[in-house]
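The primary structure of each chain is shown beneath.
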Amino acid sequence: MVEKNNNSLTEKSLDQELEMLVESVPEQEIDFEKKIERYINRKIRRIAAKTVVAILAVLVILFLLISPCMNAFYLNPQKLEKDQKFLSVMRDYYDVTRPYVEINNIQVKKKGFGRYKLGISATDNFKKREIGVENVWVDLEQGKYKNWQDPERLLITRLGEFENVKTKEEIEQLIQEMEKLPKSAEISLAISENMERDVEQLRNEKVSLDWIEVYHPNKKGFQGGLNLWRTAIFEASDDREKMDEEKLLKVYVENLKNLVNYSDIWNSLDLPYRSTVWAEGTEEIKACYEDAKTLKKLQTKAYYISGQRDDILEYIKKTNIKTVSVYSVKSNIWE
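All values derive from a computational prediction rather than experimental measurement.

What counts, and at which threshold
Residues numbered from 1 in each chain as written. Predicted model: local features only at pLDDT ≥ 70, side-chain atom pairs only at ≥ 80, totals over all residues. Heavy atoms only, no water. Helix = DSSP H or I, 4+ residues; strand = E, 2+ residues; numbered from the N terminus. Buried < 20%, exposed > 50% of the residue type's maximum accessible area, 1.4 Å probe, protein only. Contact = heavy atoms within 4.5 Å. Areas by Shrake-Rupley, 256 points an atom, 1.4 Å probe, with all protein chains shown as cover. Pairing = 2+ DSSP bridges. Axes fitted to C-alpha atoms, helices over the stretch in contact; angles between N-to-C directions. 1 Å grid on protein atoms, 1.4 Å probe; cavity = no way out; pocket = protein on both sides within 12 Å on 5 of 7 lines; lining within 4 Å. Points joined across faces, edges and corners; volume = space filled by probe spheres on them. Polar contact = N/O pair within 3.5 Å; in protein donor to acceptor, adjacent residues only side chain to side chain. Expected span 1.5 Å × (residues − 1). Core = buried A, V, L, I, M, F, W, Y, C linked by side-chain atoms within 4.5 Å.

A.B. asks: Help me understand the overall build of the protein chain in this model?
C.D. replies: The helix and strand tally for the protein chain stands at nine helices and 11 strands. Considering the protein chain as a whole, with its 335 residues, one finds that 43% of them fall into the buried category. Sequence separation of at least 24 residues holds for 70% of the intrachain contacts in the protein chain that already meet a minimum separation of 6. Of the roughly 19,700 Å² that the protein chain leaves accessible, carbon and sulfur atoms contribute 53%.

A.B. asks: Looking at this structure, how should I read the sheet that holds strand β3 (residues 136–141)?
C.D. replies: Sheet strands line up and pair through hydrogen bonds in the backbone, either parallel or antiparallel. With antiparallel pairing, the four strands of this open sheet are ordered in space as β1-β2-β3-β4. Both edges of this open sheet fall to β1 (101–112) and β4 (144–149), since each of them pairs with a single strand only. If you compare each strand with its neighbour and ignore which way they point, the axes differ by 25 degrees on average. Strand direction decides the pairing type here: strand β2 (residues 115–124) and β3, joined by six bridges, are antiparallel. By the bridge assignment, Leu-118 is partnered in β3 with Val-138. Taken strand by strand, helix α3 (residues 85–97) contacts β1, β2 and β4, and its axis lies near 135 degrees from that of β1.

A.B. asks: Help me understand empty space enclosed by the protein, please; the structure alone is not making it clear to me.
C.D. replies: Summary: where empty space remains is shown by rolling a probe the size of a single water molecule over the atoms. Going through the model one piece at a time under the given rule, you end up with two cavities of 30 Å³ or more. Counted as a void, the largest cavity has a volume near 210 Å³. In this structure, the largest cavity is lined by 19 residues; those nearest its centre are Thr-97, Arg-158, Trp-211, Tyr-273 and Arg-274. Secondary-structure elements contributing two or more residues to the lining of the largest cavity are α3, β6 (208–214) and β8 (271–273).

A.B. asks: What is the right way to read the side chain of Asp-95 from this model?
C.D. replies: Within the secondary structure layout, Asp-95 lies in helix α3. Classification of Asp-95 by relative accessible area gives buried; the value is 0%. Of note is the side chain of Asp-95, whose polar atom sits 3.4 Å from the side chain of Arg-230. Those residues in contact with Asp-95 that lie beyond four places of it in its chain are Trp-211, Gly-225, Leu-226, Asn-227, Arg-230, Arg-240 and Asn-255.

A.B. asks: I would appreciate a short explanation of the layout of surface pockets in the present structure.
C.D. replies: Estimated volume of the largest pocket: approximately 370 Å³. Lining the largest pocket we find 19 residues, and of these Ser-88, Asp-92, Glu-235, Ser-237 and Asn-258 sit closest to its centre. Contributions of two or more residues to the lining of the largest pocket are made by α3 and α6 (245–261). Ranked by residue count, the leading element in the lining of the largest pocket is α6, at seven residues.

A.B. asks: What am I meant to see in the sheet that holds β6 here?
C.D. replies: The antiparallel open sheet is built from five strands, whose spatial order is β7-β6-β10-β5-β11. The open sheet has two edge strands, β7 (225–227) and β11 (321–330), and neither has a second partner. On average, each strand axis in the sheet is inclined to that of its neighbour by 20 degrees, with strand direction left out of account. Of the pairings in the sheet, the one linking β6 to strand β10 (residues 299–308) comprises six bridges and is antiparallel in character. Looking at the pairing, Leu-209 lines up with Ile-305 of β10.

A.B. asks: Whenever I open this one, α3 confuses me. Can you help?
C.D. replies: At 3.6 residues per turn, the α-helix brings residues three or four places apart onto the same side. Taking 1.5 Å of rise per residue, 13 residues should cover 18 Å, and α3 covers 18 Å from first to last C-alpha, within 8% of that figure. Taken across its 13 residues, α3 has 13 buried, putting it largely inside the fold.

A.B. asks: When you look at the nonpolar core in this model, what are you seeing that I'm missing?
C.D. replies: One recurring pattern in soluble globular proteins is that nonpolar side chains are buried together. Among the nonpolar cores identified, the biggest contains 66 residues, and Ile-106, Leu-118, Tyr-145, Leu-189, Ile-212 and Ile-305 are the most heavily contacted of them. It is α6 that provides the largest number of residues to this core, a total of eight residues. Discounting chain neighbours no more than four positions away, the residues touching Leu-189 are Met-178, Tyr-303, Tyr-304, Ile-305, Ile-312, Ile-316, Val-324, Ser-325, Val-326 and Tyr-327. Ranked by size, the runner-up nonpolar core spans nine residues in total, among them Tyr-100, Phe-162, Ala-190 and Trp-211.

A.B. asks: Please clarify how the environment of Gly-221 should be interpreted in this entry.
C.D. replies: Note on placement: Gly-221 falls in the loop between β6 and β7. When the C-alpha atoms of Gly-221 and Cys-288 are compared, they prove to be 8.6 Å apart, with 67 residues separating the residues in sequence.

Purely spatial values, then, with no claim about function.
Right, dumping it as structure tokens:
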């Protein structure tokens, strides 16, 4: 009997141990699956980290290789600013196309891949002259000017200043309106005449001759302009107030030559002429330059003058005017 009981106990204990073993197997499988999952996750994280590092490395290499190539391929104002050529061409462009407008400084910030941010110091020399203050901003992207910020509207294109022919009655009405202004008022007018005038003759008037559209007797279409004085003097050609007609004509020709030689700096800007605008005016500037080299006299049929009220009124009354428009008036309200 004893043996039988011992066998029974042994079988029971074996059964219990076997049950415990069976119950422990699923837990081990779950633990094993978790270990596999953790292992896979670690592998994935390592692969992802290596992939990110590889992508960043490729981007850095692309930036180091492609960005300099694009800076070299497209217009690079930073490079041109080393000898002030970029500033020089932009000054000449606005000199030729915009009365009173002067570019005094340009700050260039490189953004990479042929992209730059330009901070421009511009002045309208009749209205005010604050040299060195950045007041116009523009992006230069792959040789194209984009996203202009010009809150004072200094560099906008003005059209039709010499286009609207005035009757005697309209001119008389303008005179009457100007007579209402204080004597100390300073007035700037855009005037055109039917016949060409020598610049030297106009400079001897009581009024100030400020900007001229140079007369090309043998050429139709675009004819460039010239400011007859500048605020910022960077080189001898900027000091124009005492220049004679021959020297002024030489300055005009050199300005056009500069625009022809460095057309990539300005040719994505508009080229305005009276009521016409060329989106890309390289050929017009070339033709104007070639004709300018043949000019013997500096003459004009369209120009800007300024002066105090009475001097301006006297000039208008004695001049055979075709068109006239008011550019600006600076008036002393306390008079």
